[in-house]
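# Structure assessment
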Amino acid sequence: MSTDDGSWMFDCGEGSQIQLQKSKVRAGKVNKIFISHLHGDHMFGLPGLLCTISGNNQRSEPLEIFGPVGLRRFIRTSLELSRTMLGFSYIVHEMKVLPCQIPPEVQKWKIEDSCNEQRLHPNERKGCLIEADSDNVWTLLSNDKISVKAVYLKHRIPSFGFCIQEAASPGKLDLSKLSLQGVKPGPWCKEVKEGRIVTLPDGRTIDPADVVGPPKPGRKVIIMGDTCNSSEIYTVGMDADVLVHEATLQNSLKDMALEKGHSTPGMAAEVGKDLRIRLLVLTHFSQRYMPVSDEYEEEETVSILVKEAQEIMGPNRVLAAEDFLSITIPLRPAPQTEGSEVNEHNLAVFKQSSALKEDHAENSQVKKKVLKHNGEENELTSTEEVKAKRLKVEEPPS
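Residue positions are given per chain, counted from 1 along the sequence in the order it is written. Reporting in this predicted model follows two pLDDT cut-offs: at least 70 for local features of residues, and 80 or more for side-chain atom pairs to be given and counted; totals over whole chains, interfaces and linings ignore these cut-offs and use all residues. Heavy atoms throughout the structure, all of them, feed into the side-chain values; hydrogens and water do not.

## A word on the overall build of the protein chain
A count of helical and extended segments in the protein chain gives 13 helices and 18 strands. Relative accessible area decides the class of each residue, using a 1.4 Å probe on protein chains only: under 20% of the type maximum gives buried, over 50% gives exposed, and in between gives partly exposed. Each of the 398 residues in the protein chain was classed as buried or not, and the buried ones make up 44%. Only the protein chains shown count as cover for residues, and the accessible areas themselves come from Shrake-Rupley with a 1.4 Å probe. Summed over all atoms, the accessible surface of the protein chain reaches about 21,900 Å², with 50% contributed by carbon and sulfur. The numbering of helices and of strands both runs from the N terminus, where a helix is a DSSP run of H or I of at least 4 residues and a strand a run of E of at least 2.

Written out as structure tokens, the structure reads:
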């Protein structure tokens, strides 16, 4: 996620630094990382990513990492055992897990997930232990521009979903109302837009309530970790612009998905519908589903999952995540006044593009053309390779 002060990453599976180097996102701009849970496909890429950032950046501020208790020990142990020194400082803020998040079978496996706070890695700075409030919400970050809150999800180990809320921006200053009062705009207009009453040199006062329109609501994005029950997100997630939700297996395999602590497209879409979200982005697909592309026309693709979610969400409101997909979330307009027309959700306003660097994109296109047009024998070989990569057992990834 691109922000005013850098780039934020949510989860970091194996090989994330390789894909990051292919993208338009500069490794040195990553200044916050949020880990939803401690399964390997969501965090095993962290040590390599930290080394990549170190090799491409001279940071003046520490890199902040947020995640469940145990994340600090994983990072510290990985760096210490490999005798790795970074070119910057980092801080790990851990979320204290609630007892209800730990399934009985996990409770039987006793492990030490905390670590000695007096013996930090040379590049480590002391972080915080963040506890849930009375509503079971963890506040990870809050300032006058943006806030990040987390809620717990039901999975095979403690898992979290993140809600990123942009602060509202000031409403529009109505210059026509100032003109009616015989007042010319001046430097004081900024203060009025920020909500402060201003006294002019002639003694008159300008009240923002009289000349400034309603504030424009900030954008809201929800990014979920692995889950088979997302009900806790209802506390903070209503009316979000985008919901990123896992859909590991199709609806007909719901029992298998639930057994593994995962969701189906139908489950994700029901959450999206309840929250009145504008765009649902499905992710975390089982390896049985191939990407939607010409090479896999006869294979099961993620389009199956998208169609199932669309049956609940409606057309043009569901996307399948893929590497390098970039989505621009438009600013929200000010609240509609009574009697004005309310525009229906139009997903055309969510601009989609590729974050893949041009040189890598060209290489990808060349490879695609070879697979499609280089003769029957090569096409057959390509198909065999694709089939060999598919799961042969009826199990989703953890």
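Moving on from the model shown.
## Here's the deal with the layout of surface pockets
If you add up the space inside the second largest pocket, you get close to 770 Å³. Along the walls of the second largest pocket sit 22 residues, with L38, V106, I111, I157 and P158 positioned nearest its centre. Of all the secondary structure elements, the ones that give two or more residues to the lining of the second largest pocket are α4 (71-81) and α5 (104-107). The biggest single contributor to the lining of the second largest pocket is α5, with three residues. Any residue outside Ala, Val, Leu, Ile, Met, Phe, Trp, Tyr, Cys, Pro, Asp, Glu, Lys and Arg is labelled polar, Gly included; the first ten of those are nonpolar and the last four are charged. Classifying every residue of the lining of the second largest pocket by side-chain character gives 13 nonpolar, three polar and six charged. Two kinds of site are reported from a 1 Å grid over the protein atoms alone, namely cavities, where a 1.4 Å probe fits but cannot get out, and pockets, open sets with protein on both sides within 12 Å along at least five of seven lines, and residues are called lining when an atom falls within 4 Å of a point. Grid points are joined across faces, edges and corners, and a volume is the space filled by probe spheres set on the points.

## Here's the deal with the sheet that holds strand β8 (residues 137-142)
When DSSP finds two or more bridges between two strands, those strands count as paired. Pairing in this open sheet of seven strands is mixed, and the strands run β8-β9-β10-β13-β14-β15-β16 from one edge to the other. With one partner strand each, in any of the chains shown, β8 and β16 (318-320) form the two edges of the open sheet. Averaged over all pairs of adjacent strands, the angle between their axes in this sheet comes to 20°, without regard to strand direction. Of the pairings in the sheet, the one linking strand β13 (residues 220-224) to strand β14 (residues 242-246) comprises three bridges and is parallel in character. Note on geometry: axes are lines fitted to C-alpha atoms, helical ones only across the stretch in contact, with angles between N-to-C directions running from 0 to 180 degrees.

## Observations regarding helix α11 (residues 303-313)
What α11 keeps buried is the set L305, V306, E308, A309 and M313. Each buried residue of α11 lies within a common arc of 165° when the element is viewed along its axis, so the set occupies one face. Pointing more than 90 degrees away from the buried face of α11 are the exposed residues K307 and E311. In what follows, a contact means two residues having at least one pair of non-hydrogen atoms within 4.5 Å. The elements touched by buried residues of α11 are α10 (265-275), β15 (279-283) and β16. A positive backbone phi angle near 100° is found at G314, which sits one or two residues after α11. Relevant arc is that of directions from the helix axis to the C-beta atoms, nothing else.

## A short note on the packing of α10 against α11
Packing of α10 against α11 leaves a shortest axis separation of 8 Å and a crossing angle of 35°. The hand of the α10/α11 crossing is right-handed. In contact with P265, G266, A269, E270, G272 and K273 of α10, α11 contributes L305, E308, A309, I312 and M313. Grouping the constituent residues of the contact of α10 with α11 by class yields six nonpolar, two polar and three charged. Crossing handedness follows the turn of the near helix against the far one: under a right angle anticlockwise gives a left-handed crossing, and clockwise gives a right-handed one.

## Observations regarding the side chain of T84
The residue T84 is located in the loop between α4 and β5 (90-95) in this model. A distance of 2.6 Å separates polar atoms of two side chains, one belonging to T84 and the other to S82. Not counting residues up to four positions away in its chain, the partners in contact with T84 are C51, L79 and H121. Within 3.5 Å is the distance limit for a polar contact, defined as a pair of N or O atoms, with the added protein rule that one can donate a hydrogen and the other accept it, and that residues adjacent in sequence qualify only through two side-chain atoms.

## Notes on the packing of aromatic side chains
Centres within 6.5 Å make a pair out of two Phe, Tyr or Trp rings, where for Trp the six-membered ring is used; the pair is then stacked when the planes are under 30 degrees apart, edge-to-face when over 60, and tilted otherwise. As enumerated under the stated definition, the model contains seven aromatic pairs in all. Summarising the aromatic geometry, the rings of F10 and F34 are spaced 4.8 Å apart at their centres and angled 10° between planes, so their arrangement reads as stacked. Of this pair, F10 sits in strand β2 (residues 6-10) while F34 sits in strand β3 (residues 30-34); the two residues are 24 residues apart in sequence, bridging distant segments of the chain. Judged by relative accessible area, F10 falls into the buried class, the value being 17%. Relative accessible area serves as the criterion here: at 0%, F34 is assigned to the buried category. Measuring from ring centre to ring centre gives 5.8 Å for F10 and F162, while their planes differ by 55°; the resulting arrangement is tilted. Of this pair, F10 sits in strand β2 while F162 is found in strand β10 (residues 159-166), placing the two residues 152 residues apart along the sequence.

## Considerations on the nonpolar core
It is characteristic of soluble globular proteins that their nonpolar side chains tend to be buried jointly. Throughout this description, the term nonpolar core refers to a set of buried Ala, Val, Leu, Ile, Met, Phe, Trp, Tyr and Cys residues connected via side-chain atoms within 4.5 Å. Counting residues in each nonpolar core, the largest one holds 31 residues, and the members touching the most others are I222, I233, L243, I277, L280, L282 and V318. Secondary-structure elements contributing two or more residues to this core are β9 (146-153), β13, α9 (254-259), α10, β15, α11 and β16. Among all residues touching L282, those that are not within four sequence positions of it are H245, A247, P265, A268, L305, V306, A309, V318, L319, A320 and A321. Among the nonpolar cores identified, the runner-up in size contains 26 residues, and M95, L141, Y152 and L319 belong to it.

## Observations regarding the environment of L20
Position of L20 relative to the elements: it lies in helix α1 (residues 16-22). Along the backbone, L20 and A355 are 335 residues apart, and their C-alpha atoms lie at a distance of 9.5 Å. If we ignore the near neighbours within four places in the chain, the residues touching L20 are V25, A27, V30 and L49.

## Notes on the pairing of β10
With respect to burial, β10 is a largely interior element, six of its eight residues being buried. Bridge count for β9 against β10 is eight bridges, and the pairing is antiparallel. Bridge pairing in β10 links V151 to G161. Adjacent in sequence and paired antiparallel, β9 and β10 are bridged by five residues. Of the strand pairs in this sheet, β10 and β13 are connected by five bridges, and their pairing is antiparallel.

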